[in-house]
Amino acid sequence: LTLEGIVGVGEEVAGMKIRAAVMRRVGGPFELEDLQLDAPRADEVLVRIVATGLCHTDIYIAEGLYPPAPPSVLGHEGAGVVEQVGAEVEGLAPGDHVVLSFDSCGHCPACQSLHPVFCEHYFPLNISGCRTDGTHTLQSAAGPVAGCFLGQSSFASHVLAHPRNTIKVRKDAPLDMLGPMGCAIQTGVGSVLNVLQPTAGTSFAVFGCGAVGLAALMAAKYVGCDPIVAVDKVGSRLELAKALGASHLVDVSTADPVETIGALGGAQYVIEASGVTAAFEAAVKVLRYGGVMGMLGGHRPEATVTLNMQDSFFGKTITGIVEGNADPKTFIPYLVDLFMSGDLPIDRLVRFYALDDINQAVADSLAGRTIKPILRAGAPTSSIRAG
Ligand SMILES: [Zn+2]
Ligand SMILES: [Zn+2]
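These remarks concern the structure in this document. (Residues numbered from 1 in each chain as written. Chains lettered and ligands numbered in written order. Predicted model: local features only at pLDDT ≥ 70, side-chain atom pairs only at ≥ 80, totals over all residues. Heavy atoms only, no water.)

**Things to note about helix α12 (residues 358-366)**
As a reminder of what qualifies: Buried means the residue's accessible area, taken with a 1.4 Å probe over protein chains only, is under 20% of the maximum for its type, while exposed means over 50%, and partly exposed covers the values in between. Secondary structure elements follow DSSP: runs of H or I no shorter than four residues count as helices, runs of E no shorter than two count as strands, and numbering proceeds from the N terminus. The arc in question is formed by the directions pointing from the helix axis toward the C-beta atoms. What makes two residues a contact is simply this: any of their non-hydrogen atoms within 4.5 Å.
What α12 keeps buried is the set Ile358, Ala361, Val362, Asp364 and Ser365. For α12, the arc enclosing every buried residue in end-on projection is 165°, short of the 170-degree limit, so these residues lie on one face. Elements in contact with the buried residues of α12: β1 (16-23), β2 (30-37), α2 (56-62), α7 (235-243), β16 (350-354) and β17 (372-376).

**A short note on the coordination of the zinc ion (ligand 2)**
The following threshold applies: Coordination here is defined by N, O and S atoms within 2.8 Å of the metal (3.2 Å for Na, K and Ca), and since water is not considered, a site can look incomplete. Irregular is the label for any site that misses the other tests, which are tetrahedral for four donors with all angles between 85 and 135 degrees, and square planar for four donors or octahedral for six when opposite donors exceed 155 degrees and the remaining angles lie between 65 and 115.
Here the zinc ion (ligand 2) is held by Cys105 (SG), Cys108 (SG), Cys111 (SG) and Cys119 (SG), and the distances to it run 2.3 to 2.4 Å. If you look at the zinc ion (ligand 2), its four donor atoms make angles of 105 to 116° with each other, and the shape they trace is tetrahedral. When the donor residues of the zinc ion (ligand 2) are listed from N- to C-terminus, their spacing reads C-x2-C-x2-C-x7-C.

**Some words on the state of the cysteines**
Put simply, the rule is: Throughout, a disulfide means two cysteine sulfur atoms within 2.5 Å of one another.
Taken as a whole and judged by the stated rule, the model has zero disulfides. Free cysteine: cysteine 130, not disulfide-bonded; nearest cysteine sulfur from cysteine 148 at 6.6 Å. Residue cysteine 130 is classed as buried on the basis of its relative accessible area of 14%.

**A short note on the sheet that holds strand β7 (residues 143-145)**
So the rule is basically this: In this description, strands pair whenever DSSP reports at least two bridges between them. Each axis is a line fitted through C-alpha atoms, taken for helices only over the stretch in contact, and angles between the N-to-C directions span 0 to 180 degrees.
In space, the four strands of this open sheet follow the order β1-β2-β6-β7, with antiparallel pairing throughout. The sheet terminates laterally at β1 and β7, the two strands that pair on one side only. Pairs of neighbouring strands in the sheet enclose a mean axial angle of 45°, with direction left out of account. The sheet contact formed by β1 and β2 spans eight bridges and is antiparallel. Note on β2: the bridge partner recorded for methionine 23 is phenylalanine 30.

**Observations regarding the coordination of the zinc ion (ligand 1)**
Taken together, Cys55 (SG), His76 (NE2) and Cys183 (SG) make up the protein donors of the zinc ion (ligand 1), found 2.1 to 2.2 Å from the metal. Coordination of the zinc ion (ligand 1) draws on donor residues from a single chain, spaced C-x20-H-x106-C in sequence. Highlighted residues: cysteine 55 in the loop between β3 (45-53) and α2 and histidine 76 in the loop between α2 and β4 (78-85), separated in sequence by 21 residues. The class of cysteine 55 is buried, set by a relative accessible area of 10%.

Don't take any of this as a statement about function, it's just geometry.
Written as structure tokens, this is what we have:
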């Protein structure tokens, strides 16, 4: 049986050759490969990726802690330009600058109430590795590769996305800077503005000064929280937190955050963005009675904490927050406006890499040398349509 026999003589193989960083086995490394990407269906959008953020969730999945299983193309903070839209797609056109976020169905009660992160179809749409009908969008010489990750799989030169997770943004904004708006920045800022909703003059503390924690800190500063306490173990991150508006710093390698924040009278609002269990426990302890703590740190599935019931009794609220409980369609353009007006200086967090240097970006991120790596996709090796 020849290849022609399988495909059908004269039958066109729609789609295009793309370049992508493929996770071939648990634990990596990422390997740059040429893959075949399907042509967009009627409800899909083809986006040329300009740049994509690297998030800790990508690293957790590469370690095999969560699906999809390898071989896979991860990446979920893509920013790029629309190249082609399916016949049923409305509101997007070739040439539009877009930021990609997580996907959602648009029809279920959660989507209808503008909380798409609780979409009933969140898992099949975002981490199944394929379309909801089971077909793969990505093929390699060795067989299908899991794609559709968070509705995109953006460690690639091109992706297929849906209109709901393809967010049009203003063209005067630097597109290569905007990918993290789709996850880390949305998560950090949204947790403060959408969920905690502190008012000016209230006390705020953030545990973990990575991209998410520092985005939360920027939002607290924007609202006018005071004091603003930043907690981390990396001195350079604490210095950056100070430059971004922290009034007090706690280096956990030399000081106890419970003591330091306790001496300030505790914090009315706390963000736990480190995913470290000891930090979670300390965050609950420093929370004032009646205060609210948002938990958004990526964590290992088995992570378990111990809380004192008496301490937690007096009106303390602990709430898990995913993607800032935001509706990306409206929230991402708002974040871009904040960035352009100087109120959300995410340029202070980023360092650029070529997509080919993704393994270096992972190493720098894990070592704390880079807060938010952004991978520039560059030109694909070929955009010739196979046929
Ligand atoms: Zn993420
Ligand atoms: Zn839904």
